[in-house]
Amino acid sequence: ETGVTQTPRHLVMGMTNKKSLKCEQHLGHNAMYWYKQSAKKPLELMFVYNFKEQTENNSVPSRFSPECPNSSHLFLHLHTLQPEDSALYLCASSPDVSLAFSYEQYFGPGTRLTVT
Amino acid sequence: KNQVEQSPQSLIILEGKNCTLQCNYTVSPFSNLRWYKQDTGRGPVSLTIMTFSENTKSNGRYTATLDADTKQSSLHITASQLSDSASYICVVSPASGGSYIPTFGRGTSLIVHP
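The following refers to the structure shown. This one's a predicted model, so the numbers in the text were calculated from it and none came from an experiment.

**Concerning the overall build of chain B**
Regarding its fold elements, chain B presents 0 helices and 11 strands. Starting at the N terminus and walking to the C terminus, you meet the elements of chain B as β-β-β-β-β-β-β-β-β-β-β. With respect to the three principal axes, the spread of C-alpha positions in chain B is 45 × 30 × 20 Å. Within chain B, the proportion of its 114 residues that are buried is 43%. Long-range contacts, defined as pairs at least 24 residues apart, comprise 56% of the intrachain contacts of chain B with a sequence gap of at least 6. As displayed, chain B has an accessible area near 5500 Å², and 50% of this comes from carbon and sulfur atoms.

Structure (structure tokens):
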């Protein structure tokens, strides 16, 4: 196990639903990340948090709303999603956010999201 | 636009054989290049990381090489095992330019058959 857990592992939601993804890291890291992984596409960095502060929003639509109450927990709130948002959502953590991502990131197993 | 291209897209080999995966990038200047292994149903796990000044880095049966002049990297797997079946992702991080967001390749899907 990598020390990063994600719940739920699978989620099916309608376009009008509101749901949240949860990520928790037990590694004592200060930085946390959300990624989107779609079939046949590269991983896309969505959000970066360092010491609970958002340091990067990679042009993500507002229907995705992140929340980082402390350095160990990260949420992704979802509302009025589209079918093209169906993907694997991965959470990761690292000791700190460094320029050039030189710190190794530890990934969780992901949440498989299906939007119907 | 920064790009990372990986080849082949997929590869099937027999257990015990060697294989080499390729990664070409346009990120410039770049700070580091990392190879990840992603098993089905799991998140990626880092195999190696190299800075622009390094030519090779090994991690057990995995050896990554880097040619910063031609902007190419390869991942060589020696004496493949069934557990090597996974997706291998190349990631390149920029050194400057205002954004430090890395660029990910689409990955190479490797299947090792007994």
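Continuing now.
**Quick look at the interface of chain A and chain B**
Counting residues at the interface gives 26 residues for chain A, matched by 21 residues for chain B. Between chain A and chain B lies a buried interface of about 1800 Å² when both sides are counted; carbon and sulfur atoms form 58% of it. At the level of elements, strand S4 (31–37), strand S5 (44–50), strand S6 (53–57) and strand S9 (87–94) of chain A are the ones that each hand at least two residues to the side of chain A that touches chain B. Partitioning the side of chain A that touches chain B into residue classes produces 14 nonpolar, 7 polar and 5 charged.

**Here's the deal with the sheet that holds strand S7 (residues 62–67) of chain B**
All names here are of chain B. With antiparallel pairing, 5 strands are arranged side by side in an open sheet as S1-S3-S8-S7-S6. Every other strand in the sheet has two partners, leaving strand S1 (4–7) and strand S6 (56–59) as the edge strands with one partner each. Within the sheet, the average angular offset between the axes of one strand and its neighbour, ignoring direction, is 15°. With 6 bridges joining them, strand S3 (residues 19–25) and strand S8 (residues 72–77) adopt antiparallel strand pairing.

**Let's talk about the pairing of S9 of chain A**
All names here are of chain A. The element S9 is largely enclosed, with a buried count of 8 among its 8 residues. Residue alternation in S9 divides its side chains into two sets, Ala87, Tyr89, Cys91 and Ser93 and Leu88, Leu90, Ala92 and Ser94, and both sets are buried. The sheet contact formed by S4 and S9 spans 7 bridges and is antiparallel. Within the sheet, the bridge partner assigned to Tyr35 lies in S9 and is Leu90.

**A word on the environment of Gly108 of chain A**
Here Gly108 of chain A shows up in the loop between strand S10 (106–107) and strand S11 (111–115). Separated by 85 residues in the primary sequence, Gly108 of chain A and Cys23 of chain A have C-alpha atoms spaced 7.8 Å apart.

**Points about the sheet that holds strand S1 (residues 4–7) of chain A**
Residue and element names in this part refer to chain A. Spatial ordering of the open sheet is given by S1-S3-S8-S7, a layout of 4 strands whose pairing is antiparallel. Among the strands making up the open sheet, the edge pair consists of S1 and strand S7 (64–70). Each neighbouring strand pair of the sheet contributes to a mean axis angle of 20°, computed without reference to strand direction.

Calculation notes
- Residues numbered from 1 in each chain as written.
- Chains lettered and ligands numbered in written order.
- Predicted model: local features only at pLDDT ≥ 70, side-chain atom pairs only at ≥ 80, totals over all residues.
- Heavy atoms only, no water.
- Helix = DSSP H or I, 4+ residues; strand = E, 2+ residues; numbered from the N terminus.
- Buried < 20%, exposed > 50% of the residue type's maximum accessible area, 1.4 Å probe, protein only.
- Contact = heavy atoms within 4.5 Å.
- Areas by Shrake-Rupley, 256 points an atom, 1.4 Å probe, with all protein chains shown as cover.
- Buried area = accessible area lost by both parts, 1.4 Å probe.
- Nonpolar A, V, L, I, M, F, W, Y, C, P; charged D, E, K, R; others polar.
- Pairing = 2+ DSSP bridges.
- Axes fitted to C-alpha atoms, helices over the stretch in contact; angles between N-to-C directions.

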